[in-house]
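Structural features, examined
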Amino acid sequence: MSFSATKLPHSLLAVPVNSSTPRSNDKSISFSSDLFKHNPSPSSFLGSTQKLLRFNSITKPFLHRRSSSPVAVLLQQTSDLLITKEEGLVLYEDMVLGRSFEDKCAEMYYRGKMFGFVHLYNGQEAVSTGFIKYLRQEDCIVSTYRDHVHALSKGVPSRAVMSELFGKATGCCRGQGGSMHMFSKEHNVLGGFAFIGEGIPVATGAAFSMKYKREVLNQADSDNVTLAFFGDGTCNNGQFFECLNMAALWKLPIVFVVENNLWAIGMSHLRATSDPQIWKKGPAFGMPGVHVDGMDVLKVREVAKEAIDRARRGEGPTLVECETYRFRGHSLADPDELRNPAEKEHYAGRDPITALKKYLFENNLASEQELKTIDKKIDEILEEAVEFAEKSPQPQRSQLLENVFADPKGFGIGPDGRYRCEDPKFTEGTAHV
């Protein structure tokens, strides 16, 4: 399968079909960055019809229209099975970890163990797992305020994330980040960002540094990739467009992943943008634009493979719109009364974990006992994470003054081990910095 950032002779028409249509057994997935010539109505957008987008199950692309626009074309499967047994179990475990962790967060929040806004990821696990589990350790991700599961998928331990949510010193940000600001240098999680669009320039800068190391500093092994996660509401903001332009101009190794859950807090995506098909903004800046069923981890994974690989090869960025759905309100403080109950019921029936289990069973890739063993393992991990977080100490008050003032000698700690901000002479000699 391949995308191309150059002129291609063919593109394929995406066809809406009923949600009962099997998804993961499709022999191919096709994408077009054309303007839906044969189906230009906004009603072709999934969220407006409550239908799924199943891509043409054909092996030869038909002539659609010659275009100079970069397009994402046929994704050809090389075998009947999309994953091995080992890959399937890894995907399942990661998705169950994400779902169960968020459920445990809700429990702890309502028990008064967490404070502030907590935004859960239930329902969107196929996006995080499909993309992040294909990355290397050295690759970077940048997240949003809905960042717990991204951090978990990237390898941050459950106990470190849970402790951060509890505001404890053993958290991945020593209790200073909280729910919306997960960060881990060790795992190259460059942060969750509370304001929409905040993280996209950071991700673009990280991708620029990777390209600079390889092409200017001649570090041949620096072929790392950055993923920028953000939602549909962000795609009307200026940072989004500016960074698409910069990434395409410099062919940066970055994938822009839109987690389009159809709602920006309480604003329907269909009411907030002139063209709800976000993926079409990619070709406008000279990069492939791809729309994928974000409730199907196998389809997400196939798109992720190609987008990440082409970025790693130095072929530039890709914009991927993953149409997904969150099963809870915008945050745990949201009563979720604005969304239509029928819409929520429809997407609940498309649970990505249930769909993956079905695929594993139907293709004899896993037994029920194997999946139950994984479920039990996750339960034990989360029980231990909560116990660890509850027993962990609160941050010391002196931490409040760290990382506030510029201090190139030790980020708040002097050579003598004391906090430099407590020294009356702290500000002397720092004006030149």
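Residues numbered from 1 in each chain as written. Predicted model: local features only at pLDDT ≥ 70, side-chain atom pairs only at ≥ 80, totals over all residues. Heavy atoms only, no water.

1. Focus on the pairing of strand S9 (residues 254–260)
Counting buried positions over the 7 residues of S9 gives 7, a clear majority of the element. Neither face of S9 is open: one carries Ile254, Phe256, Val258 and Asn260, the other Val255, Val257 and Glu259, and all of them are buried. The parallel pair strand S8 (residues 226–231) and S9, bridged by helix H7 (residues 238–250), forms a crossover whose chirality is right-handed. Here S9 runs beside strand S13 (residues 318–323); their pairing, made up of 6 bridges, is parallel. Of the residues in S13, the one forming a bridge with Glu259 is Cys322. (Buried < 20%, exposed > 50% of the residue type's maximum accessible area, 1.4 Å probe, protein only. Helix = DSSP H or I, 4+ residues; strand = E, 2+ residues; numbered from the N terminus. Right-handed = clockwise from strand over helix to strand, strands pointing away. Pairing = 2+ DSSP bridges.)

2. Considering the nonpolar core
Formed by 64 residues in total, the largest nonpolar core has its most connected members in Phe131, Leu227, Val255, Val320 and Leu356. Looking at this core, the element that brings in the most residues is helix H2 (residues 85–110), giving 10 residues. Those residues within four positions of Leu356 in sequence are excluded, and the remaining contacts are Ile83, Gly88, Leu91, Tyr92, Met95, Val297 and Leu298. Of all hydrophobic cores here, the second largest spans 20 residues; its members include Ile200, Ala203, Ile278 and Leu319. (Core = buried A, V, L, I, M, F, W, Y, C linked by side-chain atoms within 4.5 Å. Contact = heavy atoms within 4.5 Å.)

3. Structural notes on the packing of aromatic side chains
In this structure the tally under the stated criterion is 8 aromatic pairs. Each ring, one from Phe131 and one from Phe229, has its centre 6.4 Å from the other, and the planes form 85°; the classification is edge-to-face. Of this pair, Phe131 sits in helix H3 (residues 125–132) while Phe229 sits in strand S8; the two residues are 98 residues apart in sequence, bridging distant segments of the chain. Considering the side-chain rings of Tyr325 and Tyr347, the 4.3 Å spacing of their centres and the 10° angle between planes classify their relative orientation as stacked. Separated by 22 residues along the polypeptide, Tyr325 in the loop between S13 and helix H11 (341–348) and Tyr347 in helix H11 bring together distant segments of the chain. The burial state of Tyr325 is the same as that of Tyr347; both residues are buried. (Phe/Tyr/Trp six-rings, centres within 6.5 Å; stacked < 30°, edge-to-face > 60°.)

4. A word on the sheet that holds strand S7 (residues 140–142)
The parallel open sheet is built from 5 strands, whose spatial order is S7-S8-S9-S13-S12. Bordering the open sheet on either side are S7 and strand S12 (289–293), each of which pairs with just one other strand. The sheet shows a mean angle of 20° between the axes of neighbouring strands, direction not considered. As judged from the 5 bridges shared by S12 and S13, these two strands associate in the parallel manner. Bridge assignment links Val290 to a residue of S13, and that residue is Val320. Packing against the sheet, helix H6 (residues 199–215) makes contact with S7, S8 and S9, and its axis sits at approximately 170° to S8. (Axes fitted to C-alpha atoms, helices over the stretch in contact; angles between N-to-C directions.)

5. A look at helix H13 (residues 368–391)
Along its 24 residues, H13 runs 35 Å from first to last C-alpha, staying within 8% of the 34 Å computed at 1.5 Å per residue. Where H13 is concerned, the buried positions are Leu371, Ile374, Ile378, Leu382, Ala385, Val386 and Ala389. On its buried face, H13 is in contact with H2, helix H5 (158–165) and helix H12 (352–362). (Expected span 1.5 Å × (residues − 1).)

6. Some thoughts on the confidence of the model for the protein
With 75% of its residues at a pLDDT of at least 70, the protein reaches an overall mean of 81. Scored below 50 in pLDDT, residues 4–79 shows 180 contacts in the model against residues more than four places distant or in partner chains. (pLDDT = per-residue confidence, 0-100.)

7. Description of the side chain of Lys281
The residue Lys281 is located in helix H9 (residues 281–284) in this model. Buried within the structure, Lys281 lacks any salt-bridge partner; Asp275 is the closest side chain of opposite charge, at an N-O distance of 6.2 Å. Each residue touching Lys281, except ones within four places of it in the same chain, is listed here: Cys235, Phe240, Phe241, Leu244, Thr273, Asp275 and Leu319. (Lys, Arg positive; Asp, Glu negative; His and termini not counted. Salt bridge = Lys/Arg side-chain N within 4 Å of Asp/Glu carboxyl O.)

8. Considerations on the environment of Glu384
Along the chain, Glu384 turns up in helix H13. A relative accessible area of 32% means that Glu384 is categorised as partly exposed. For the pair Glu384 and Ser158, spaced 226 residues apart in sequence, the C-alpha to C-alpha distance is 8.9 Å.

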